[in-house]
Amino acid sequence: MRKTWLLSLLSLAAVSLVGVGFWLFLIPHFAFSSAPSPVPVAVASPPAQTLQYNTHSLEQSLIHTLLIPSGSRFSVLPALSQSVEPLADFAQKYQAVAVLNGGFFDPQNRKSTSYLVLQGQIVADPRLNERLMNSDRLAPYLPKILNRSEFRRYRCEAVIHYDIALHSEPLPLGCQLVDAIGGGPRLLPELTSVEEGFTDFANGQMIRDAIGSSQPNARTAVGITQDGSVLWVMVAQTPEAPATSGLSLPELANFMKSLGVQKAMNLDGGSSSSLYYNGQTFYGKVNQQGEPVQRPVKSVLLLQS
């Protein structure tokens, strides 16, 4: 009897110990489970620091684009040749990562018809081009020609900003103009061919279209996105359709808008259209035999690191 009672007592003690262990196990488990789950925190990705080169195949053109991210180590600035030079020569002279053809010039006297500013000084002035200023045909349009769009580089409280503005537009408050290269017309936010003297109309008919804006052709342009990134665009014709390939200016504006560009400006196009990148020059214009036209240019945009 005593033995049976002792066994019962031991069994009861064992059960009690198991119960205590079970509750000791559950206490930390419940404490852990009742704590709120950590809330995921969305971490913004840092801005892209690398160049983004792409090609876009359209029905009647091959478009080369180069995106220079805002805040990257790269700088976009103009350069001018005393005469005219191929893009590869500009790249070698200035140790540039990439080069894009720039403003308009007269192929006969090789003088610029676009303004160009370097380090705050005007180094190319269309008013000094006698063929431009003494042309009876262009006389009615000279005020507009001398006030065309330009791609600007500002220094605002030690920070560099890019912009596109008419030559006569004042600088933003607190900013200094470092560099500028003229071109035109503005493509975005709206096309200003008439306002810049490229096109003109009379009685509902077009009486002037200096750069064939409504026809497909090789084109070059520069744009700025909302975050301040700079986009270079070079539209190349196709060898199979030299007379009908490329883009018109409205088509170029729509293409750049589709890539998120908010401000854009046309640059010299046609035979001047060219882009140098990664050791290779891409040409926009093709001749009747479908071969690329390689024309040296007066001014460019450089990309330096």
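Throughout this description, residue numbers start from 1 for each chain and increase along the sequence as written. In keeping with the model being predicted, local features are shown solely for residues with a pLDDT of at least 70 and side-chain atom pairs are shown and tallied solely at 80 or more, while totals for entire chains, interfaces and linings include all residues. The side-chain figures draw on all heavy atoms in the structure; neither hydrogens nor water molecules are used.

A pair of cysteine sulfur atoms is labelled a disulfide when the two atoms are within 2.5 Å. Scanning the model with the defined rule gives one disulfide in all. Residue Cys156 pairs covalently with Cys175 via a disulfide, S to S 2.0 Å. Disulfide Cys156-Cys175: torsion about the S-S bond near 110°, hence right-handed. Of this pair, Cys156 sits in strand β7 (residues 149–156) while Cys175 sits in strand β9 (residues 175–182), placing them 19 residues apart in sequence. The numbering of helices and of strands both runs from the N terminus, where a helix is a DSSP run of H or I of at least 4 residues and a strand a run of E of at least 2.

Turning to unusual backbone geometry, a few remarks are in order. A cis geometry characterises the amide bond from Gly184 onward to Pro185, with omega recorded as -5°. Relative to the helices and strands, Pro185 is located in the loop between β9 and β10 (186–188). Although it is not a glycine, Arg110 sits at a positive phi angle of roughly 60°. As for its placement among the helices and strands, Arg110 is situated in the loop between β4 (98–101) and β5 (116–118). The backbone phi angle of Asn278 is positive, close to 55°, even though this residue is not glycine. Relative to the assigned elements, Asn278 resides in the loop between β16 (274–277) and β17 (280–283).

If you trace the backbone, Ile224 turns up in strand β13 (residues 219–225). Setting aside chain neighbours within four positions, we find Ile224 in contact with Phe151, Tyr162, Asp163, Ile164, Ser229, Val261, Gln262 and Lys263. Any two residues whose heavy atoms approach within 4.5 Å at even a single point are treated as in contact.

Right, let's talk about a nonpolar patch on the surface for a bit. In this analysis, a patch consists of residues with relative accessible area above 30% that form no salt bridge, clustered at 9 Å for like charges and at 5 Å for the nonpolar side chains Val, Leu, Ile, Met, Phe, Trp and Tyr. To measure how exposed things are, a 1.4 Å probe is used in the Shrake-Rupley method; for residues, cover is taken only from the protein chains shown. Should a side-chain nitrogen of Lys or Arg be within 4 Å of a carboxyl oxygen of Asp or Glu, the pair is scored as a salt bridge. Side chains of Val194, Phe201 and Met206 sit close together on the surface and give an oily, nonpolar patch of about 240 Å² of accessible area. With respect to the helices, strands and loops of the structure, Met206 is situated in strand β12 (residues 205–209).

What follows deals with the sheet that holds β10. The strand order β1-β2-β14-β13-β15-β10 describes an open sheet built from six strands, whose pairing is antiparallel. Of all the strands in the sheet, just β1 (52–58) and β10 have a single pairing partner and so form its edges. For this sheet, the mean inter-axis angle between neighbouring strands, taken without regard to orientation, is 20°. What makes two strands pair is DSSP finding at least two bridges between them. With two bridges connecting them, β10 and strand β15 (residues 261–267) associate as antiparallel partners. By the bridge assignment, Leu188 is partnered in β15 with Ala264. In the packing of helix α5 (residues 249–258) onto the sheet, contacts are made with β1, β2 (61–68), β10, β13, β14 (230–236) and β15, and the angle to β10 comes to roughly 40°. For every element, the axis is a line fit to its C-alpha atoms; helices are fit only across the contacting stretch, and the angle between N-to-C directions ranges from 0 to 180 degrees.

Inspection of the secondary structure assignment puts Asp125 in the loop between β6 (121–124) and α3 (130–133). Between N or O atoms, a polar contact is any pair within 3.5 Å; within protein, one atom must be a potential hydrogen donor and the other a potential acceptor, and residues adjacent in sequence are included only when both atoms are from side chains. A polar contact is formed between the side chain of Asp125 and the side chain of Arg127, at a distance of 2.7 Å.

Turning our attention to the sheet that holds strand β3 (residues 75–85). Taking strand neighbours across the sheet as the criterion, the five strands line up as β3-β18-β4-β16-β17 in an open arrangement whose pairing is antiparallel. Sheet topology places β3 and β17 at the edges, where each strand pairs with a single neighbour. Within the sheet, the average angular offset between the axes of one strand and its neighbour, ignoring direction, is 20°. Here β4 pairs with strand β18 (residues 297–304) via four bridges, running antiparallel. Its bridge partner lying in β18, Val99 is registered against Leu302. Helix α2 (residues 87–94) contacts β3, β4, β16, β17 and β18 of the sheet and is inclined by roughly 120° relative to β3.

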